[in-house]
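# Coordinate inspection notes
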Amino acid sequence: MEKVSYHGTNEYCPQPLYLYGTYKEDGKPNYGLFCWCAYCAVEAEKFVACIGQDKLTRDLIRKNGMFSATVVTEKLLTDADYCGTHPGYQFDKVDVLPSEKGEKLNVPVPIEAQYTLELKVEYTLHPNTDYDSDIYVCSIENVVADKRLIGDELTFEQKLELLRPVVTLEGKYVPIDPRSLGNWGAFQERE
Ligand SMILES: Cc1cc2nc3c(=O)[nH]c(=O)nc-3n(C[C@H](O)[C@H](O)[C@H](O)COP(=O)(O)O)c2cc1C
């Protein structure tokens, strides 16, 4: 294999996709599509999200201190793409994803969603002096999940087949192969 150096970024680094849901001042939900995020463990598991520059989602997270993060699935992809390409400042996205209130926090949860985190912002980093971009470290207060994903009735592969999450690579939406390659620690025996 010949390697090259180039000024790319993360084209071949898979990124998860989430719909972040917030309530607007009039009580209507707003959703944006997001991929700059990660998990970290500091005492408990935390969700880390970056919102770059002016966005309605950023304004509402700053104001409310909470939001929902729904795993984007193939079923939700059309609506998710719409939410990621139509700024909430200009478009009322209330009818895109019919929603109900979260179980624990006052955040919108899409009725069609199969896996939604309810997130409370614990602290915010302001990475630039313009004060337009934020990094949120959030506690996961609750998860609202399709019951079939939680019980023992289905195998892991069957659950993933049911969920069909979508990731993003090189500006494209990509499905996840539902096969498991093995459990963590399964490859410790080396020849
Ligand atoms: C695939 C995809 C991923 C995105 N990820 C992010 C992200 O992680 N952070 C961000 O600030 N904007 C991201 N965006 C842009 C926002 O989704 C977009 O600006 C959207 O209009 C925000 O909605 P809002 O204006 O209602 O807040 C992404 C857009 C797409 C299409």
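This text gives an overview of the structure that appears in the document. Residue positions are counted from 1 within each chain, in the order its sequence is given. Thresholds applied to this predicted model are a pLDDT of at least 70 for local features of residues and 80 or more for the giving and counting of side-chain atom pairs; totals over whole chains, interfaces and linings are not thresholded and use all residues.

Of regular secondary structure, the chain possesses four helices and 12 strands. For the chain, the residues scored as buried account for 27% of the 191 residues in total. Under the DSSP-based scheme used, a helix requires at least four consecutive residues in state H or I and a strand at least two consecutive residues in state E, with every element numbered from the N terminus. Exposure in this text rests on C-beta crowding, where 20 or more other C-beta atoms within 10 Å of a residue's own make it buried, 12 or fewer make it exposed, and counts in between make it partly exposed. The C-beta atoms are placed from the backbone.

Time to look at the sheet that holds strand 11 (residues 166-169). A pair of strands is treated as paired once DSSP finds two or more bridges between them. Pairing within the open sheet is antiparallel, and its three strands lie in the order 1-11-12. Of all the strands in the sheet, the pair left with one neighbour each is strand 1 (15-16) and strand 12 (172-175). Relative to strand 12, strand 11 runs antiparallel, the two being bridged by four bridges. Across the sheet, residue V167 finds its bridge partner in strand 12, namely V174.

Turning next to the sheet that holds strand 2 (residues 18-23). Backbone-to-backbone hydrogen bonds join strands into a sheet, with any given pair of strands oriented parallel or antiparallel. Overall, antiparallel pairing links the seven strands, which are arranged 3-2-6-9-10-5-4 in an open sheet. Since the sheet does not close on itself, it has two edges, and those belong to strand 3 (29-34) and strand 4 (37-42), each with one partner. Between one strand axis and the next, the sheet turns by 35 degrees as a mean value, whatever way the strands run. The pairing of strand 4 with strand 5 (residues 44-51) spans six bridges and is classified as antiparallel. Of the residues in strand 5, the one forming a bridge with C37 is A49. The contact rule is simple: place each C-beta atom from the backbone, and if two of them lie within 7 Å, those residues are in contact. For helices, the axis comes from a line fit to the C-alpha atoms of the stretch in contact; other axes are also lines fit to C-alpha atoms, and the angle between any two N-to-C directions lies between 0 and 180 degrees. In the packing of helix 2 (residues 77-85) onto the sheet, the strands contacted are strand 2 and strand 3, and the crossing angle to strand 3 comes to about 90 degrees.

A few words now on the site of the ligand. Lining the immediate surroundings of the ligand are 19 residues, of which G32, W36, T57, G84 and G88 lie closest. Only strand 3, strand 5, helix 1 (56-64) and helix 2 provide two or more residues apiece to the shell around the ligand. With four residues, the single largest contributor to the shell around the ligand is strand 3. Of the residues that constitute the shell around the ligand, the class distribution is nine nonpolar, nine polar and one charged. The criterion for a residue being near a molecule or strand is a backbone-placed C-beta atom within 6 Å of that molecule or strand. Polar here means any residue other than Ala, Val, Leu, Ile, Met, Phe, Trp, Tyr, Cys and Pro, which are nonpolar, and Asp, Glu, Lys and Arg, which are charged; Gly is therefore polar.

Here the focus is unusual backbone geometry. The backbone of E43 sits at a positive phi, close to 65 degrees, despite the residue not being glycine. Structurally, E43 can be placed in the loop between strand 4 and strand 5. In this structure, Q53 is a non-glycine residue whose phi angle is positive, near 70 degrees. Take Q53: it is sitting in the loop between strand 5 and helix 1. What makes Q53 exposed here is the crowd of 10 C-beta atoms within 10 Å.

Here Y82 shows up in helix 2. Residue Y82 is classed as partly exposed on the basis of its 15 C-beta neighbours within 10 Å. Along the primary structure Y82 and L33 are separated by 49 residues, whereas in three dimensions their C-alpha atoms are 8.4 Å apart.

A separate point is helix 1. Burial in helix 1 covers these residues: T57, R58, L60 and I61. In this structure, the buried side of helix 1 is in contact with strand 2, strand 3, strand 5, strand 6 (66-71), strand 9 (115-125) and strand 10 (134-145). Two residues or fewer past helix 1, G65 is found with a positive phi of approximately 70 degrees.

As a further point, take the environment of Q114. Residue position: Q114 is located in the loop between strand 8 (108-110) and strand 9. We classify Q114 as buried; it has 21 C-beta atoms within 10 Å. Setting aside chain neighbours within four positions, we find Q114 in contact with T73, A145, D146, L149 and L163.

Along strand 2, six of the six residues are buried, which leaves the element largely enclosed by surrounding structure. Along strand 2, one buried face is formed by Y18, Y20 and T22 and the opposite face, lined by L19, G21 and Y23, is buried too. By the bridge criterion, six bridges tie strand 2 to strand 3 in an arrangement that is antiparallel. Along strand 3, the bridge assignment pairs L19 with L33. Between strand 2 and strand 3, which pair antiparallel one after the other, the connecting turn spans five residues, and G27 there sits at a positive phi close to 85 degrees.

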